[in-house]
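The residues making up each chain are set out below.
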Amino acid sequence: MSAVSAADRHSRALLTGYFLGLGAIMAVWGARMPAVQQAAHLGTAGLALVLLAAAVGMVAGLQLGGRYARPARLPAQLTSGSIALAGCLVLVGQGESLSALLLAALAFGLAHGVLDVAANTAAVRCQNAFGRPIMSGLHAAYSLGALAGAALAALTAQAPHSTLFTATGALLAGAAVAAVPVTRSLSGAERPAMRAGAGKLPLLSSPGKLWLLAALAAASLLGEGAAADWAAVHLHTLGAPTAASATAFALYSAAMAAGRLTGDRLTAAFGAPTVVRAGALLATAGLTIGVIGNSTPLALTGWAVFGLGLSTTVPSLITAAGAGGAKAVATVTATGYLGLLAGPALIGALASATTLPTALLLPALLAAAVAVLAHRALENTTP
């Protein structure tokens, strides 16, 4: 087994920075959205339109990025996408009317989608060069960036959101420009994907296999959307104090980051299908117990276990999609984000028709479906 080259290590470090920055900028955006709403004097419906514009832009950006992404173009796509996303964050911070925010949010989502595809496509190529799993660790960087961004937003809660958005955008755009010399190296030739005689990842065998990967991504990210939007509400309905309710998503995020930090070693040892199936079963059990346990300690534990269990799913699905190229990565990512965006609304509708605990069993059932289908979707995808 040949040693990993210095260029590959530099590429991994560079991509870790991109994932950290992407997580941080998305957390800052989300955490200060109430301030954006207040500055533009928006009601709930107006804010919903702004978020919808961002979602539409993101899906369009994922598709655009998938069509554009080629090995030689990845450095330019990463740099331009980062600068555009940072600039759009600044524009969102300056928006004082619904029309201005709609345009800024649409552009923000578009830039996010383009950058997301570029980062994940480059990550697949970097993992192929390493010859062992590193995707989970890169996604852990996103989770850690999100935690840092959320902490930064909390620490600067008394400062104007426009100041925070401008400072964050300037910092990340400056980092992207400074990284240009290293980013250019990502367009270099790719070495054989797998070492120790394993061979390259097989091409996706059929469109059906691609759409299975996409469906599992949607199922997994629906759970992430549920945790983001409903975990605190769930704790509140149990009579938990405000601080404990707010802790639920933090525990989920921290557990997911921890799982992703160990996910590459587990995947290398046991294979992606086994790790994803075991994790999905753990997620199912954790959330089910947390929901039916009807107590604050069990609920907090359940959300944490749910995050830990789902931590390796999306990185493994994107790795498998990477065998089909950037367009396949874009398809899986875009479908996954549809689950992320639509999931909270679906759970809300189910809760209105039944109860919130009953509705929250949906992500648990979908995690069980991921467990059942993991081997079919991920067979022969372990580096």
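Residues numbered from 1 in each chain as written. Predicted model: local features only at pLDDT ≥ 70, side-chain atom pairs only at ≥ 80, totals over all residues. Heavy atoms only, no water.

A. Representation of the environment of Ile292 in the model. By secondary structure assignment, the location of Ile292 is in helix 11 (residues 272–292). Among the residues examined, Ile292 registers a relative accessible area of 58% and is labelled exposed. (Helix = DSSP H or I, 4+ residues; strand = E, 2+ residues; numbered from the N terminus. Buried < 20%, exposed > 50% of the residue type's maximum accessible area, 1.4 Å probe, protein only.)

B. View of the packing of aromatic side chains. Per the counting criterion, the structure on display carries four aromatic pairs. Aromatic side chains Tyr252 and Phe306 sit 6.1 Å apart centroid to centroid with 35° between the ring planes, which places their arrangement in the tilted category. Here Phe306 lies in helix 12 (residues 296–310) and Tyr252 lies in helix 10 (residues 242–270), a separation of 54 residues in the sequence. You can call Phe306 buried: its relative accessible area is 0%. Each ring, one from Trp303 and one from Phe306, has its centre 6.0 Å from the other, and the planes form 80°; the classification is edge-to-face. Here Trp303 and its partner Phe306 are both found in helix 12, three residues apart, which amounts to about one turn of the helix. Of the two residues, Trp303 and Phe306, neither departs from the other in class, the shared state being buried. Ring pairing ties together the aromatic residues Phe249, Tyr252, Trp303 and Phe306, which thus form one cluster. (Phe/Tyr/Trp six-rings, centres within 6.5 Å; stacked < 30°, edge-to-face > 60°.)

C. Molecular detail of helix 16 (residues 361–378). For helix 16, spanning 18 residues, the distance from its first C-alpha to its last is 25 Å, which sits close to the expected 26 Å at 1.5 Å a residue. Along helix 16, the helix axis deviates most sharply at Val372, where the bend reaches about 45°. Among the residues making up helix 16, those that are buried are Leu362, Pro363, Ala364, Ala367, Val370, Ala371, Ala374, Ala377 and Leu378. (Expected span 1.5 Å × (residues − 1). Bend = angle between axes of the 7 residues up to and from the residue.)

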